[in-house]
Amino acid sequence: MVTTVSSYTEVRNRALMGDGYDGVVKVVVGNMYGSGVLLFDGKAVLTAAHLFAGASASANVVFETLNGLQTIASSRVVINPDYDSTNNNSDLALVWLSQDAPVAAERFGIYRASNEVGQTFTMVGYGTPGSGSTGTLSNFHETPVRVKANNQFDSDVAPLGKFFSESGQWEANNGKQLVADFDNGLSQNDALGALIGSMGLGLGSSEGLISKGDSGGPALIGNLVAGIASYTGRLSAPGAVPDIDGSSDSSFGEVAVWQRVSVYQQWIDQSLRKHYESAPATQDAVQKMVNEGNSGTT
């Protein structure tokens, strides 16, 4: 569940059933869970690879739609071959469903342009709730609910490398991870303004940040998946400590990182195609029309 400026219980912060986000799902791996998003083919969910660290490559995907809850087991999980857990690179996985997704669950396309920085996006997920002023709720033991918030992609992650690792051993791939900070309108809590000069005081009451359990959830530009939630950080430098409360809890002044989906579009497209035994090999072979028949409901 995303941490928000105001309480997660407020309707404006909830991604309620029927609001257009029923394709955002909970991905359960063993006794842990994250979030994910149903892709345009209606048979695969895009999520974070680190959910499967140390676990078997299987999951249960929970859909929440106007028709109720439905849990579908995975038939296959594919981790991006370049996944690097040490540096959080290529933190992406595809989960194929063992049966069709609910009809009521929206299918999402992927963002294919390279102009994400500076754009406002909507994040949706099932992470631990909380607020920017107090961080995540330490005593939250209820069933996770789906929450949404907005933010703006401020930068690629590359300029922040020295803040993530003083030893210089942390190496994120340039151009493949997008960063946003959690602003409260005050310059002293503007993390990316203080650290790399990317000034911005936020989006007001609609601002938010991912938290534990949001991993794998989408950052949507319009209705396209531009990022997949990967990790958060509490960063500082001499004379600049933007985090509001001194704890790593998705509060004001912290940052979050999403895997940049546009640079992985070829891997996603090719992986989806390989899953279909009779996928067309050329554009001319794509079947554009199907005779439906007159009997039954299809």
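Fair warning: this is a prediction, and the values are worked out from it, not measured in the lab.

Trainee: Pulling in residues and values, what's your account of helix α3 (residues 265–274)?
Mentor: Among the residues making up α3, those that are buried are W267, I268, S271 and L272. With its buried residues spanning 125° around the axis, α3 presents them on a single face. Away from its buried face, by an angle of more than 90 degrees, α3 presents the exposed residues Q266 and K274. Those residues of α3 that are buried are in contact with β4 (44–47), β6 (68–79), β7 (93–97) and β8 (109–110).

Trainee: With reference to specific residues and values, describe the environment of Y126.
Mentor: The residue Y126 is located in the loop between β9 (120–125) and β10 (130–131) in this model. We classify Y126 as buried; its relative accessible area is 2%. In this structure the C-alpha to C-alpha distance between Y126 and V24, which are 102 residues apart in sequence, comes to 9.0 Å. Side chain to side chain, Y126 and E64 meet in a polar contact 2.8 Å long.

Trainee: So, the pairing of strand β5 (residues 60–65): which residues are in play, and what are the values?
Mentor: Burial analysis of β5 places 5 of its 6 residues in the buried class, which makes it a mostly covered element. Relative to β5, strand β2 (residues 24–29) runs antiparallel, the two being bridged by 3 bridges. Considered in β5, the bridge of K26 is made with V62. As defined by bridge partners, β5 adjoins β6 across 6 bridges and the pair is classed as antiparallel. Counterpart to F63 in the pairing with β6 is Q70. The hairpin formed by β5 and β6 contains 2 residues between the paired strands.

Trainee: Please provide a residue-by-residue account of the sheet that holds strand β3 (residues 32–38), values included.
Mentor: Pairing is antiparallel around the closed barrel formed by 6 strands, whose spatial order is β2-β3-β4-β7-β6-β5. The sheet shows a mean angle of 40° between the axes of neighbouring strands, direction not considered. Bridge count between β4 and β7: 4 bridges; the pairing is antiparallel. In the sheet register, T47 faces β7, and the bridge partner there is A93.

Trainee: Tell me about the packing of aromatic side chains, and name the residues and values.
Mentor: As enumerated under the stated definition, the model contains 5 aromatic pairs in all. When the ring of Y8 is compared with that of F140, the centres are 5.8 Å apart and the planes differ by 85°; the resulting orientation is edge-to-face. One end of the pair, Y8, is in the loop between β1 (3–4) and β2; the other, F140, is in the loop between β11 (135–136) and β12 (147–152), and 132 residues separate them in sequence. Here the aromatic rings of F121 and F153 are separated by 4.1 Å at their centres, their planes lie at 20°, and the arrangement is stacked. Of this pair, F121 sits in strand β9 while F153 sits in the loop between β12 and β13 (155–156); the two residues are 32 residues apart in sequence, bridging distant segments of the chain. Take F153: its relative accessible area is 1%, and that puts it in the buried class. Here the aromatic residues F121, F153 and W258 are joined through ring pairs into a cluster of three or more.

Trainee: Summarise unusual backbone geometry; cite the residues concerned and give the values.
Mentor: At S90, a residue that is not glycine, the phi angle is positive and equals roughly 55°. Among the structural elements, S90 can be located in the loop between β6 and β7. Its identity is not glycine, yet S250 carries a phi of approximately 60°, on the positive side. Topologically, S250 is positioned in the loop between β17 (224–233) and β18 (255–260). The exposure class assigned to S250 is buried, which follows from its relative accessible area of 5%.

How each quantity is defined
Residues numbered from 1 in each chain as written. Predicted model: local features only at pLDDT ≥ 70, side-chain atom pairs only at ≥ 80, totals over all residues. Heavy atoms only, no water. Buried < 20%, exposed > 50% of the residue type's maximum accessible area, 1.4 Å probe, protein only. Helix = DSSP H or I, 4+ residues; strand = E, 2+ residues; numbered from the N terminus. Arc of directions from axis to C-beta. Contact = heavy atoms within 4.5 Å. Polar contact = N/O pair within 3.5 Å; in protein donor to acceptor, adjacent residues only side chain to side chain. Pairing = 2+ DSSP bridges. Axes fitted to C-alpha atoms, helices over the stretch in contact; angles between N-to-C directions. Phe/Tyr/Trp six-rings, centres within 6.5 Å; stacked < 30°, edge-to-face > 60°.

That's the geometry; what it means functionally is another story.
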